[in-house]
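# Working through the structure, step by step
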Amino acid sequence: AMYTSAILDRTVDLLDRIGRAGQFLAQTIWAIFTPPYRLYPVMRQIHFIGARSLLVIAVAGVFVGMVVALQFYDTLVRFGSVGLLGAAVGLSLMRELGPVLTALVVIGRAGSAICAELGIMRNENQIDALECMAIDPIRFLIAPRVLAALISVPLLTAVFIAVGVGGGYFVGVVLFGVSPGSFLGGMHDAVLARDCLMGSVKAVVFGL
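Residues numbered from 1 in each chain as written. Predicted model: local features only at pLDDT ≥ 70, side-chain atom pairs only at ≥ 80, totals over all residues. Heavy atoms only, no water.

Inspection of the entire model under this criterion finds 2 aromatic pairs. Aromatic pair Tyr73 and Phe176: ring centres 4.2 Å apart, planes at 5 degrees, arrangement stacked. Residue Tyr73 is found in helix 3 (residues 54-76), and its partner Phe176 is found in the loop between helix 6 (137-175) and helix 7 (180-190); the two are separated by 103 residues along the sequence. Residue classification places Tyr73 among the buried residues on the basis of a relative accessible area of 18%. The class for Phe176 is partly exposed, based on a relative accessible area of 32%. Consider the rings of Tyr169 and Phe183, whose centres lie 5.6 Å apart with planes at 85 degrees: the pair is edge-to-face. Here Tyr169, found in helix 6, pairs with Phe183, found in helix 7; they are 14 residues apart in sequence, far enough to count as distant. Judged by its relative accessible area of 28%, Tyr169 falls in the partly exposed class. (Phe/Tyr/Trp six-rings, centres within 6.5 Å; stacked < 30°, edge-to-face > 60°. Helix = DSSP H or I, 4+ residues; strand = E, 2+ residues; numbered from the N terminus. Buried < 20%, exposed > 50% of the residue type's maximum accessible area, 1.4 Å probe, protein only.)

Pasting the structure below:
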């Protein structure tokens, strides 16, 4: 009976947390799509989340693309399938590595800073002061940041994929002598519209 009660308590606590998170997300989405629309706070957050993360994303993308090409080349050369190197690099970056690693970099650089900023505001009662002035904290603080992340993360993912392909091209074509035509042609044939769509959806979900 004691164990059953503990399991029930944890289940109720988990459901309560999920419900609160869902309610918070619904309120944020509602605040994004209902007027009044304030452009300047969103632009400020796009600059903070997107533009100031660009260098980190570019550096990470180049090295990830180089490492992916290096690992795939070592495997494909054993089977005489080096012509598939471009396809392997393009698909891995487009479908998985690009959105996931971009989200991790943005979370580590911008997400932690936003979390600390909002935590300090809560600790110093600034959010309570906004509520006392009849200002919705979700509309004023959360919605611009979420909207900016939804705009910035897919764009940063595209930059990550582009520079990653460049890094893979450098390793495969310049260092190992793979034919540029087979590298780019294999990537063009393998990467389809649904792969781009899947990568875009993942980027938007991770941004949210």
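A surface patch of nonpolar side chains, about 440 Å² in accessible area, is lined by Leu70, Phe170, Val174, Leu175 and Phe176. Here Val174 is to be found in helix 6. (Patch = residues over 30% accessible without salt bridge, like charges linked within 9 Å, V, L, I, M, F, W, Y side chains within 5 Å. Areas by Shrake-Rupley, 256 points an atom, 1.4 Å probe, with all protein chains shown as cover. Salt bridge = Lys/Arg side-chain N within 4 Å of Asp/Glu carboxyl O.)

Now for helix 3. Here helix 3 contains 23 residues, and its C-alpha end-to-end distance of 32 Å stays within 8% of the 33 Å for a straight helix at 1.5 Å per residue. When helix 3 is considered as a whole, its buried residues turn out to be Ile57, Gly61, Gly65, Val68, Ala69, Tyr73 and Leu76. The elements touched by buried residues of helix 3 are helix 4 (85-123) and helix 6. (Expected span 1.5 Å × (residues − 1). Contact = heavy atoms within 4.5 Å.)

Once that is clear, we can look at the side chain of Ser92. Relative to the helices and strands, Ser92 resides in helix 4. Note on Ser92: relative accessible area 16%, which makes it buried. Engagement of the side chain of Ser92 in a polar contact is seen with the backbone oxygen of Ala88, the distance being 2.9 Å. Polar side-chain contacts of Ser92 include one of 3.0 Å to the backbone oxygen of Val89. (Polar contact = N/O pair within 3.5 Å; in protein donor to acceptor, adjacent residues only side chain to side chain.)

All right, on to the layout of surface pockets then. Which parts of space are left empty comes out when a probe the size of a water molecule is rolled across the atoms. What the second largest pocket holds in volume is close to 320 Å³. Considering the residues around the second largest pocket, the lining is formed by 13 residues, among which Pro41, Arg44, Gln45, Glu117 and Arg145 are closest to the centre. When residues of the lining of the second largest pocket are traced back to their parent elements, those giving at least two are helix 2 (39-49), helix 4 and helix 6. Sorting elements by how many residues they give to the lining of the second largest pocket places helix 2 first, with 5 residues. Grouping the constituent residues of the lining of the second largest pocket by class yields 8 nonpolar, 1 polar and 4 charged. (1 Å grid on protein atoms, 1.4 Å probe; cavity = no way out; pocket = protein on both sides within 12 Å on 5 of 7 lines; lining within 4 Å. Points joined across faces, edges and corners; volume = space filled by probe spheres on them. Nonpolar A, V, L, I, M, F, W, Y, C, P; charged D, E, K, R; others polar.)

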